[in-house]
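Chain by chain, the residues run as shown.
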Amino acid sequence: MERALAFGEVLEVVDTLSLEEQEMLTEVVHRRVIERRREELAKDIQDAQREFQAGHCHPMTPDELMAEILS
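About the thresholds
- Residues numbered from 1 in each chain as written.
- Predicted model: local features only at pLDDT ≥ 70, side-chain atom pairs only at ≥ 80, totals over all residues.
- Heavy atoms only, no water.
- Salt bridge = Lys/Arg side-chain N within 4 Å of Asp/Glu carboxyl O.
- Helix = DSSP H or I, 4+ residues; strand = E, 2+ residues; numbered from the N terminus.
- Buried < 20%, exposed > 50% of the residue type's maximum accessible area, 1.4 Å probe, protein only.
- pLDDT = per-residue confidence, 0-100.

Enquirer: Go over the pattern of salt bridges with me, naming the residues and quoting the values.
Expert: Under the defined criterion, the tally for this structure stands at five salt bridges. Two residues, Lys43 and Asp47, come together in a salt bridge whose shortest N-O distance is 2.9 Å. One end of the pair, Lys43, and the other, Asp47, are both in helix H2 (residues 19-53), four residues apart, so they sit about a helical turn from each other. Since its relative accessible area comes to 47%, Lys43 is described here as partly exposed. A relative accessible area of 22% means that Asp47 is categorised as partly exposed.

Enquirer: Go over the confidence of the model for the chain, please, and point to the residues and values.
Expert: Per-residue pLDDT for the chain averages 94, and the proportion of residues at 70 or more is 99%. Least confident of the elements in the chain is helix H3 (residues 62-70), whose mean pLDDT is 94; most confident is H2, at 97.

Next up, the structure:
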């Protein structure tokens, strides 16, 4: 079984890469982070839609929402 590297170990490995490889790595990691955020957002939207369909929430105007938050 493969062992996960600690964050510090990953940084040490990155230091061994060329500048070009480090730049490519940051681009790949950035794209992966964006994709994971997109997946999380899609899941949150699906959860909210299920809650709405189940009657656990209802539409509100911004004024109603602010009144509820401030109460």
